[in-house]
Amino acid sequence: LRAGTVSALYFAERIYQFPLGVFGVALGTVLFPLLARHAARRELGRLREDLPLALRLVLVIGIPASLGLLAVAEPLPRLLLQHGRFTAENTARTAGMIGAYSMGVWAYCGIPVLFRGCYALGDRRVPLQIGMLAGLSDTVLNLTLIWVLAERGLASSTALTAMGQLSRLIVSLQRRLGRFDWRQLGSTALRAGLAALVMYAVCQGVQMVQPDWRGVLEGRLPGRPVWGRVGGDLLSVA
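Model, not experiment: these values are computed from the prediction.

## Section: the environment of G99
Phase 1 of the analysis: With respect to the helices and strands, the residue G99 is situated in helix α4 (residues 88-102).
Phase 2 of the analysis: A C-alpha to C-alpha distance of 8.9 Å links G99 and V72, two positions 27 residues apart in sequence.
Phase 3 of the analysis: Filtering out sequence-adjacent residues up to four positions away, G99 remains in contact with L70 and A73.

## Examining the packing of helix α1 (residues 5-40) against α4
Phase 1 of the analysis: The contact between α1 and α4 brings their axes to 8 Å, and the two run at 50°. With respect to each other, α1 and α4 are oriented oblique. Considering only the axes of α1 and α4, their crossing is right-handed. Side by side, α1 and α4 meet where T5, A8, L9, F11, A12, E13, I15 and Y16 of the first sit next to R93, T94, M97, I98 and Y101 of the second.
Phase 2 of the analysis: Classifying every residue of the contact of α1 with α4 gives nine nonpolar, two polar and two charged.

## Description of the packing of aromatic side chains
Phase 1 of the analysis: In total, this model carries five aromatic pairs according to the counting rule given.
Phase 2 of the analysis: Taken together, a centroid distance of 5.5 Å and an interplanar angle of 75° make the contact between Y10 and F11 edge-to-face.
Phase 3 of the analysis: A connected cluster of aromatic rings, assembled from ring pairs, spans Y10, F11 and F86.

## Examining empty space enclosed by the protein
Phase 1 of the analysis: Throughout the structure, instances matching the rule amount to one cavity of 30 Å³ or more.
Phase 2 of the analysis: As a volume, the largest cavity reaches approximately 30 Å³.
Phase 3 of the analysis: The wall of the largest cavity is formed by F23, G24, L27, V58, I61, G62 and C109.
Phase 4 of the analysis: Listed by contribution, the elements that provide at least two residues to the lining of the largest cavity are α1 and α2 (44-71).

## Considering the pattern of salt bridges
Phase 1 of the analysis: Using the criterion set out here, one finds six salt bridges in the structure.
Phase 2 of the analysis: Of the charged contacts in the structure, one is a salt bridge between R93 and E151, with a shortest N-O distance of 2.6 Å. With R93 in helix α4 and E151 in helix α7 (residues 151-177), the pair connects residues that are 58 residues apart, well separated along the chain. Here the two residues R93 and E151 agree in accessibility, since each one is buried.
Phase 3 of the analysis: Between D123 and R176 there is a salt bridge, with its nearest N and O atoms 3.5 Å apart. A residue pair is termed long-range when its members are at least 10 positions apart, and D123 in the loop between α5 (105-120) and α6 (125-149) and R176 in helix α7 qualify at 53 residues.
Phase 4 of the analysis: By sharing partners, the salt bridges in this structure join R2, E89, R93 and E151 into a single network.

Cut-offs used in this document
- Residues numbered from 1 in each chain as written.
- Predicted model: local features only at pLDDT ≥ 70, side-chain atom pairs only at ≥ 80, totals over all residues.
- Heavy atoms only, no water.
- Helix = DSSP H or I, 4+ residues; strand = E, 2+ residues; numbered from the N terminus.
- Contact = heavy atoms within 4.5 Å.
- Axes fitted to C-alpha atoms, helices over the stretch in contact; angles between N-to-C directions.
- Parallel < 35°, antiparallel > 145°, perpendicular 65-115°, else oblique.
- Left-handed = near helix turned anticlockwise from the far one by under 90°.
- Nonpolar A, V, L, I, M, F, W, Y, C, P; charged D, E, K, R; others polar.
- Phe/Tyr/Trp six-rings, centres within 6.5 Å; stacked < 30°, edge-to-face > 60°.
- 1 Å grid on protein atoms, 1.4 Å probe; cavity = no way out; pocket = protein on both sides within 12 Å on 5 of 7 lines; lining within 4 Å.
- Points joined across faces, edges and corners; volume = space filled by probe spheres on them.
- Salt bridge = Lys/Arg side-chain N within 4 Å of Asp/Glu carboxyl O.
- Buried < 20%, exposed > 50% of the residue type's maximum accessible area, 1.4 Å probe, protein only.

Rendered as structure tokens:
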């Protein structure tokens, strides 16, 4: 690992956690009272309907968020962070980390929702076991992928671990509640994926036409540094 890997991971993590905090955690928090009410009334059928619906919402939000983050993996840190001692090389390294993290945004958003499903059923053991297994898996993948992808392997292992954690949670909940409606989930994932691909293509096209986003915004805000408008607190740490 080269010097600066920890900083690149830190900045990339701050950026990918934005959709997770805004959508994933919020969705899990809002759904928990409904899930807990169904579980308290032993309405397992309704719980089996609500959890796949929550997962469909996660897919509708998470898949475009994953591809959208990948589309702006370089322009976003260039706009927000590249000034002072944060150079173009630092931007490129951070962009690589963001691209690796972005693979798992949909999984990051789904995990809090399914955790709430387990808690609504009064099951705290399974989330703990799956979380411990995820920590072990992440460590093994870190020590493996770091030799292949260098610093990006650390971010990639986080995304892959999240996907595995989400899969294990789904399997555990299906054992308790019954099989989810995978046809609807698959249809939602397909439509969200197609729409996200269109969005990604448009973003790439816009970047080809105008690759310098900093110049665009500074042109609209003449004489003022762009970071002064979009959040000096975030940028001052660079």
